[in-house]
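# Descriptive analysis of the structure
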Amino acid sequence: MAAWPAVPLLINLGGSLLGFVATLTLIPAFKDHFLAARLFGEDLNKASRRPVPEAQGVISGAVFLIILFCFIPMPFLRCFVEEQCTAFPHNEFVELIGSLLAICCMIFLGFADDVLNLRWRHKILLPTMASLPLLMVYFTNFGNTTVVVPKPFRVLLGMHLDLGIFYYMYMGLLAVFCTNAINILAGINGIEAGQSLVIAASIIIFNIVELNGDYREDHIFSLYFMIPFFFTTLGLFYHNWYPSQVFVGDTFCYFAGMTFAVVGILGHFSKTMLLFFIPQVLNFIYSLPQLLQVIPCPRHRLPRLNPSTGKLEMSYSKFKTKNLSALGTSILKAVKILHVVHVRSGVDEDGEYTECNNMTLINFVIKLIGPTHERSLTLLLLLIQVLGSVIAFSIRYQLVRLFYDV
């Protein structure tokens, strides 16, 4: 890939721009088809409950795949049109094909989730299965499971540590986290596609900065995926922005997460990529009591609309106080003291009850600023995502010196 990096990247960019136009055009063109197939939902944060087509991530995902399927020969042009290719780079070819296979599997499984409405335990299993081609590519092409130990731990562990099978477990869990982290930070117009756009833009900037470094080919490989992902997601974001004409569905969340996992793992910058997920990590930690069912978790945790004001307010989980475990009671007491969750209790016809706001970053932001309009809330959350990327770059290029020799 190193001989002719500019030409494949320009071709990739041209195809991505066409993909942006295609996504913009195809989503409204297929709207009636999705409605006829009953693939639609109601926007619970709108006064008018009109049907909105769901699972539109399958369209942006399909366009993304078409772009990259057509692009497959481009990184290897020197082996077709020049005499400089002494041996075909099979390892690089396998990386590209294996990555596309993993993403294609995740789009298929995500669409199956949108159609069949699978349970949460399946949402953990699906990315694990789809990541297997990715892990096999890593095993056959690299197989390196040795990591550089951070400075504070070198006295105990030495300079390098071979993690063995645990490194593959880490990569599998990374794929699971990336797909579900976007999925649980959702519920208002534009937030899933918006956060993915910011993360993709951050990765593209990081890749471009690192093109002059020692791992140039890895970052070129990442750009081959991130550029078309950015532009196809931009087309989806246009239709998903407030007031949303379409919903992206679990298909998009899985597709986006697996694409990030692919470039992070095979591009060898998984730790840096996780830094771009700072808001998602915070949301995951904040959500853990409900995700683990220690605190009752309703099916939908999105904010609720106040029809009289037209603003979104925190949504609550209501449950009988006596049904809460000792651990759940202790957690509620702790978060109440810390003022990170709004907890209230009372008595109704069923006895004593407790309510707490659903533990998502979206509800937490509403807790801090009060009821707000949906568009303003999305903008604020995307601003937090941008701020997270700024912090990520600061850690990657400044704070990293405290832990590694750079």
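Please refer to the structure higher up on the page.
Because the structure is a prediction, the values reported are computed rather than measured. (Residues numbered from 1 in each chain as written. Predicted model: local features only at pLDDT ≥ 70, side-chain atom pairs only at ≥ 80, totals over all residues. Heavy atoms only, no water.)

### Considering the overall build of the protein
- A count of helices and strands for the protein gives 17 helices and 9 strands.
- With respect to the three principal axes, the spread of C-alpha positions in the protein is 80 × 60 × 35 Å.
- Within the protein, counting contacts between residues at least 6 apart in sequence, those at least 24 apart form 75% of the total.
- Roughly 19,200 Å² of accessible area belongs to the protein as shown, and the carbon and sulfur atoms make up 67% of that amount.
- If you average the places of the 27 positive and of the 25 negative side-chain charges in the protein, the two averages end up 10 Å apart. (Helix = DSSP H or I, 4+ residues; strand = E, 2+ residues; numbered from the N terminus. Contact = heavy atoms within 4.5 Å. Areas by Shrake-Rupley, 256 points an atom, 1.4 Å probe, with all protein chains shown as cover. Lys, Arg positive; Asp, Glu negative; His and termini not counted. Charge placed at Lys NZ, Arg CZ, Asp CG, Glu CD.)

### Remarks on a nonpolar patch on the surface
- Side chains of Leu383, Val386, Leu387, Val390 and Ile391 sit close together on the surface and give an oily, nonpolar patch of about 430 Å² of accessible area.
- With respect to the helices and strands, the residue Leu383 is situated in helix H17 (residues 374–397).
- The exposure class of Leu383 is exposed, given its relative accessible area of 53%. (Patch = residues over 30% accessible without salt bridge, like charges linked within 9 Å, V, L, I, M, F, W, Y side chains within 5 Å. Salt bridge = Lys/Arg side-chain N within 4 Å of Asp/Glu carboxyl O. Buried < 20%, exposed > 50% of the residue type's maximum accessible area, 1.4 Å probe, protein only.)

### Some points on the packing of aromatic side chains
- Applying the stated criterion to the full structure yields 25 aromatic pairs.
- Put simply, the rings of Phe64, Phe177, Phe229, Phe252, Phe255, Phe260, Phe277 and Phe284 touch in pairs and so form one group of aromatic residues.
- In this structure, Arg344 packs its charged tip against the face of Tyr316, placed 3.8 Å from the ring centre. (Phe/Tyr/Trp six-rings, centres within 6.5 Å; stacked < 30°, edge-to-face > 60°. Lys NZ or Arg CZ within 6 Å of the ring centre and 35° of its normal.)

### Digging into the sheet that holds strand E7 (residues 316–320)
- On the basis of which strands lie adjacent, the open sheet formed by 3 strands has the order E7-E9-E8 and antiparallel pairing. What marks the edges here is a single partner per strand, and that holds for E7 and strand E8 (343–348). Direction aside, the axes of adjacent strands within the sheet are offset by 25° on average. (Pairing = 2+ DSSP bridges. Axes fitted to C-alpha atoms, helices over the stretch in contact; angles between N-to-C directions.)

### Brief notes about the side chain of Ser317
- Mapped onto the elements, Ser317 comes out in strand E7.
- Looking at Ser317, the relative accessible area reads 4%, which means it is buried.
- In this structure the side chain of Ser317 is engaged in a polar contact, spanning 2.9 Å, whose partner is the backbone oxygen of Pro296.
- If near-sequence neighbours (up to four positions away) are discounted, Ser317 is found in contact with Gln290, Pro296, Pro298, Thr354, Glu355, Cys356 and Asn358. (Polar contact = N/O pair within 3.5 Å; in protein donor to acceptor, adjacent residues only side chain to side chain.)

### So, the pattern of salt bridges
- Within this structure, the stated rule accounts for 7 salt bridges.
- Between Glu374 and Lys46 there is a salt bridge, and its shortest N-O distance comes to 2.8 Å. Taken together, the residues Glu374 in helix H17 and Lys46 in the loop between strand E1 (40–42) and strand E2 (51–53) connect sequence positions 328 residues apart. Across this residue pair, the class does not change: Glu374 and Lys46 are buried.

### Regarding helix H12 (residues 249–266)
- Over its 18 residues, H12 runs 26 Å from end to end, which matches the ideal 26 Å to within 8%, given 1.5 Å per residue.
- Burial of H12 is extensive: 18 of the 18 residues sit out of reach of the surface.
- Within two residues after H12, His268 carries a phi angle of roughly 60°, on the positive side. (Expected span 1.5 Å × (residues − 1).)

### Observations regarding the environment of Ser394
- Its location among the elements puts Ser394 in helix H17.
- Since its relative accessible area comes to 37%, Ser394 is described here as partly exposed.

### Digging into the nonpolar core
- Ile103, Ile203, Phe225, Phe229, Met258, Phe260 and Phe277 are the most contacted members of the largest nonpolar core, which has 86 residues in total.
- For this core, the leading source of residues is H12, giving 12 residues.
- Beyond its immediate chain neighbours, meaning those up to four positions away, Phe277 contacts Phe177, Cys178, Ala181, Ile182, Ile199 and Phe260.
- Membership of the second largest hydrophobic core comes to 10 residues, among which are Phe319, Leu324, Val341 and Met359. (Core = buried A, V, L, I, M, F, W, Y, C linked by side-chain atoms within 4.5 Å.)

### Concerning the packing of helix H10 (residues 191–209) against H12
- Running from N to C, H10 and H12 point in directions that differ by 15°, and their axes come no closer than 11 Å. Relative to H12, the element H10 lies roughly parallel. Here H10 runs over H12; the crossing is left-handed. When H10 is examined against H12, the residues Glu192, Ala193, Ser196, Ile199, Ala200 and Ile203 are found in contact with a partner set consisting of Phe252, Cys253, Ala256, Phe260 and Val263. (Parallel < 35°, antiparallel > 145°, perpendicular 65-115°, else oblique. Left-handed = near helix turned anticlockwise from the far one by under 90°.)

### Points about helix H5 (residues 90–116)
- Across its 27 residues, H5 extends 38 Å between first and last C-alpha, which sits within 8% of the 39 Å expected from 1.5 Å per residue.
- Following H5 by one or two positions, Asn117 adopts a phi angle in the positive range, close to 55°.

### Examining the pairing of E8
- In this sheet, strand E9 (residues 351–357) lies alongside E8 in antiparallel orientation, the contact comprising 6 bridges. Within E9, the residue paired with Arg344 across the bridge is Glu355.
- Count of turn residues in the E8/E9 antiparallel hairpin: 2 residues.

### Considering the environment of Leu236
- For Leu236, the location among the structural elements is in helix H11 (residues 216–240).
- Along the primary structure Leu236 and Cys253 are separated by 17 residues, whereas in three dimensions their C-alpha atoms are 12 Å apart.

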